[in-house]
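# Summary of the model geometry
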Amino acid sequence: MRYFVFWCTFFLTTVQAQFVKNNGALQVEGTQLVNQYGKPVVLRGMSFGWHSFWPRFYNKKAVKWLKKDWHCNVVRAAMGIEGGDENKTYKDNPEFAKAKIKAVIEGAIKENIYVIVDWHSHNINLEEAKEFFAEIAKEYGKYPNIIYEVFNEPDEESWEEVKTYAEEVIAVIRAIDSDNVILVGCPHWDQDIHLPAADPIKGYKNLMYTMHFYAATHEKWLRDRVDAAMANGLPVFISESAGMEATGDGPLDYKSWQEYIDWMESKKLSWITWSVSDKDETCSVLRKTAKSEGNWKLSDLKESGVKIREVLRELNKENY
């Protein structure tokens, strides 16, 4: 009898943990991200820090641990285009950068979770972006796991400039991959979500627009802005967020962070937390003692890591 119970438990756990197999190719219907059956789906997970600063965490075993222990159903690979250590950025060393990103992509595919391929820049690098996303789409576009994020955080660029850039990159991706979801950033570090709401990109399906928040800095006005954008029909994805100040440092504001989490859950918004890294700042969830390949003890986690691990394990528990 105990063997029967064991195999039933093993089978149920295996089926539940196959998140991409169960949900398939994601789509956007109205403002909602849905699965292959048209049912709402919420992605919750972690973003790796800039690959150009913390390349040691960009490996399949770290992805496996984030799924197994943190219960992530999505991870985000943040490819540093300009910022980072010498000779590790995409512009300085594209082969190194692509190898790191592809390790995370392939880890996510193996672990049956989704993966955001993030062009992590604050500036427009059109030709480089087109070349990179063409390569990624050709190699991985056949997998439903893939989500493209074509511009992490525009800072001083206007929406007209971001939109023009995004339209060209989207055209390159869609010539190869007709349906995987594409995320588009907006001005002012992804806070001016009202601008694409007033003038969205047209002619393509399965597009979403990103908003980023840091709960100790960004108050209710930003949630209200997103609510208004969604009321106007704009699909929104929270591709970066955390509980401290927008600098990435300072104390955690637990109350404001929980208000954001409750709001995202009430709206069925997908969201990613920043970041898997070991910098001496609040938003880096790991201490220097953390191994590169996962298997992190609680003592390896900073305060933000302990908190978000608990939240992800609770909210994603139905997948495990």
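Everything below is about the structure printed above this text.
A brief report on the enclosed structure follows.

Reading the values: the criteria
Residues numbered from 1 in each chain as written. Predicted model: local features only at pLDDT ≥ 70, side-chain atom pairs only at ≥ 80, totals over all residues. Heavy atoms only, no water. Helix = DSSP H or I, 4+ residues; strand = E, 2+ residues; numbered from the N terminus. Rg over C-alpha atoms; globule rule 2.2 N^0.38 Å. Buried < 20%, exposed > 50% of the residue type's maximum accessible area, 1.4 Å probe, protein only. Contact = heavy atoms within 4.5 Å. Phe/Tyr/Trp six-rings, centres within 6.5 Å; stacked < 30°, edge-to-face > 60°. Lys NZ or Arg CZ within 6 Å of the ring centre and 35° of its normal. Pairing = 2+ DSSP bridges. Right-handed = clockwise from strand over helix to strand, strands pointing away. Disulfide = S-S within 2.5 Å. Salt bridge = Lys/Arg side-chain N within 4 Å of Asp/Glu carboxyl O.

Scanning the chain from N- to C-terminus turns up 11 helices and 10 strands. A globule of 320 residues ought to have a C-alpha radius of gyration of about 20 Å, and the chain, at 19 Å, matches this closely. Per-residue burial over the chain gives 58% buried out of 320 residues. Taking the intrachain contacts of the chain between residues at least 6 apart in sequence as the baseline, contacts between residues at least 24 apart amount to 75%.

Let us now look at the packing of aromatic side chains. The full count for this structure, using the stated rule, is 17 aromatic pairs. For the ring pair Phe57 and Trp296, a centre distance of 6.4 Å and an interplane angle of 80° mean the geometry is edge-to-face. Of this pair, Phe57 sits in the loop between strand 3 (44-48) and helix 3 (60-68) while Trp296 sits in the loop between strand 10 (271-276) and helix 11 (303-315); the two residues are 239 residues apart in sequence, bridging distant segments of the chain. Note on Trp296: relative accessible area 6%, which makes it buried. Pairing Trp119 with Phe132 gives two aromatic rings, centres 5.6 Å apart and planes at 40°, and the pair type is tilted. Taken together, the residues span a long stretch of sequence, with Trp119 in strand 5 (residues 114-120) and Phe132 in helix 5 (residues 126-140) at a distance of 13 residues. Grouping residues by exposure puts Trp119 and Phe132 together as buried. Of the aromatic side chains, those joined through ring pairs into one cluster are Tyr90, Trp119, Phe132, Phe133 and Tyr148. Sitting above the plane of the Tyr260 ring, Arg223 keeps its charged end 4.6 Å from the centroid.

Okay, the pairing of strand 4 (residues 74-80) next. Summarising burial for strand 4: seven of the seven residues are buried, a large majority. Side chains Val74, Arg76, Ala78 and Gly80 of strand 4 all project onto a buried face; the interleaved residues Val75, Ala77 and Met79 project onto the opposite face, where all are buried too. Sheet topology note: the strand 3/strand 4 ladder contains three bridges and is parallel. Pairing of Met46 across the sheet is with Val75, part of strand 4. A crossover connection joins strand 3 to the parallel strand 4 through helix 3; in handedness this β-α-β unit is right-handed. Bridge analysis of strand 4 against strand 5 gives seven bridges, and the strand direction is parallel.

If you walk through the whole model with that rule in mind, you get zero disulfides. Of the cysteine sulfurs around Cys72, a residue in no disulfide, the closest is that of Cys283, at 16 Å. The class of Cys283 is buried, set by a relative accessible area of 2%.

Here the focus is the pattern of salt bridges. Tallied over the entire structure, the rule returns 25 salt bridges. Between Lys98 and Glu135 there is a salt bridge, with its nearest N and O atoms 2.8 Å apart. On the criterion of sequence distance, the pair formed by Lys98 in helix 4 (residues 94-111) and Glu135 in helix 5 is long-range, its members being 37 residues apart. Lys98 gets classed as buried once you look at its relative accessible area, which sits at 9%. Note that Asp278 and Lys288 form a salt bridge whose closest N and O atoms lie 3.7 Å from each other. Here Asp278 is found in the loop between strand 10 and helix 11, whereas its partner Lys288 is found in the loop between strand 10 and helix 11, with 10 residues between them in sequence. Of the residues examined, Lys288 reaches a relative accessible area of 62% and is grouped as exposed.

A word on the environment of Thr289. If you trace the backbone, Thr289 turns up in the loop between strand 10 and helix 11. In this view, Thr289 contacts Ser299 and Asp300; residues no more than four positions away in its chain are not counted.

With seven of seven residues buried, strand 9 (residues 236-242) is to be regarded as a mostly interior element. Note that strand 8 (residues 207-214) and strand 9 share five bridges and pair parallel. Among the inter-strand pairings, Thr210 is bridged to a residue of strand 9, identified as Phe237. Each parallel crossover has a hand, and the one from strand 8 via helix 9 (residues 220-231) to strand 9 is right-handed.

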